[in-house]
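# Structural characterization, general
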Amino acid sequence: MRIFDPHIHMTSRTTDDYEAMYAAGVRALVEPAFWLGQPRTTVGSFVDYFDALIGWERFRASQFGIRHHCTIGLNPKEANDPRCREVLDVLPGYLAKDGVVAIGETGYDSMTKEEDEVFNAQLALAVEFDLPIMVHTPHRDKLAGTRRTLEVVAASGIRPEMVVVDHLNETTIEAVAESGCWMGFSIYPDTKMDEARMTVLLQKYGTDRVLVNSAADWGRSDPLKTRKTGEHMLAAGFTDADVDRVLWQNPVDFYGQSGRLNLDPVPGFTEFEPAAAGNFEGNSVLRGAPKS
Ligand SMILES: [Zn+2]
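First, a word on what this report is: a plain description of the structure on this page. Please read all numbers here as calculations on a predicted model, not as lab measurements. (Residues numbered from 1 in each chain as written. Predicted model: local features only at pLDDT ≥ 70, side-chain atom pairs only at ≥ 80, totals over all residues.)

At a closest axis distance of 10 Å, the pairing of helix α6 (residues 113-129) and helix α7 (residues 142-156) adopts a crossing angle of 45°. One way to sum up the angle between α6 and α7 is to call them oblique. In this structure, α6 crosses over α7, and the sense of that crossing is right-handed. Judged by residue contacts, F119, N120, L123, A124 and V127 of α6 engage V152, V153 and S156 from α7. The class makeup of the residues in the contact of α6 with α7 is six nonpolar, two polar and no charged. (Axes fitted to C-alpha atoms, helices over the stretch in contact; angles between N-to-C directions. Helix = DSSP H or I, 4+ residues; strand = E, 2+ residues; numbered from the N terminus. Parallel < 35°, antiparallel > 145°, perpendicular 65-115°, else oblique. Left-handed = near helix turned anticlockwise from the far one by under 90°. Contact = placed C-beta atoms within 7 Å. Nonpolar A, V, L, I, M, F, W, Y, C, P; charged D, E, K, R; others polar.)

Right, here's the structure in full:
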């Protein structure tokens, strides 16, 4: 089973996770820029974070045989903080870079006026840079938030096939399916979707325009939920080709619209081999010399 996780926050995960993901079939991923769990106080904190997404984390993934891409954006939660608003000014510089395959995460958290402004500004950037955009839907009042999201997306003039609306469930899938946007589902251990519910939605709505992700981050989450969903699909009677469509081809088709995916195997990689580890600006993932 080859897997492309279209939404996972590897900065928050361990090398054990990378090794387990590779063993499970993960060969590529997208790490969206997001909220770190506590407020950032200056634009410089974002700049360093964005630089790590396109630098150190991409290198770290490559050491475990996985191709790392990212999305860059100002998340909805911090859109409300005036100290972070100038992040919008630094985005264009990142949107031109290799491996940046979309804008995001953007969208609504509490549906404030500030979130409106920042979401619209980033939709305009997506049109200007001809990049896909990842839109997060609010955790509270999800259906109203999703409807509002789709109205704003439609009014922006962006083509719906350039948009993924993420964190969907049974109540929000219909509206997004009708909009022509891509449908994202985050499979979590105890909240949002699980593998069984996801499989039922795939039986009902089909596999087109569906992205399944683990959205693993610093919270309770599981970077192998993509694989577990694939196994659930097979047990429910889906074919290997169906699973490949959902877990590999769909993310490739969606993020491939950026023209910036690199899906080549990492040169020389077979399985994690400490003695062969490379380095990034003089630093490696090793802690001291390998044992002989
Ligand atoms: Zn996320």
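The next subject is the pairing of strand β5 (residues 133-136). Two faces, one strand: in a regular strand the side chains alternate between the faces of the sheet. The alternating pattern of β5 places I133 and V135 on one face and M134 and H136 on the opposite face, and all of these are buried. Pairing geometry for strand β4 (residues 100-107) and β5, over three bridges, is parallel. Opposite T106, over in β5, you have V135 as the bridge partner. Note that the unit made of β4, α6 and β5 has a crossover that is right-handed. For the crossover from β5 across α7 to strand β6 (residues 163-166), the handedness is right-handed. (Buried ≥ 20, exposed ≤ 12 C-beta atoms within 10 Å, placed from the backbone. Pairing = 2+ DSSP bridges. Right-handed = clockwise from strand over helix to strand, strands pointing away.)

Before going further, it helps to examine the pairing of β6. Of the two faces of β6, the one lined by V163 and V165 and the one lined by V164 and D166 are each fully buried. Pairing between β5 and β6: four bridges, direction parallel. Paired with M134 across the bridge in β6 is V164. Summarising the sheet, β6 and strand β7 (residues 182-186) pair through two bridges and their orientation is parallel. For V164, the partnering residue across the bridge sits in β7 and is W182. Where the polypeptide runs from β6 across helix α8 (residues 173-179) and back to β7, its parallel neighbour, the crossover connection is right-handed.

Let us now look at the sheet that holds β4. Ordered by their spatial adjacency, eight strands build an open sheet running β1-β2-β3-β4-β5-β6-β7-β8, and the pairing between neighbours is parallel. The open sheet is flanked by β1 (3-5) and β8 (210-213), the only strands paired with a single partner. Neighbour-to-neighbour, the strand axes of the sheet open up by a mean angle of 25°, direction not taken into account. In the packing of helix α3 (residues 56-63) onto the sheet, contacts are made with β2 (26-32) and β3 (67-72), and the angle to β3 comes to roughly 155°. Its contacts with the sheet put α7 on β4, β5 and β6, and the angle it makes with β6 is roughly 170°.

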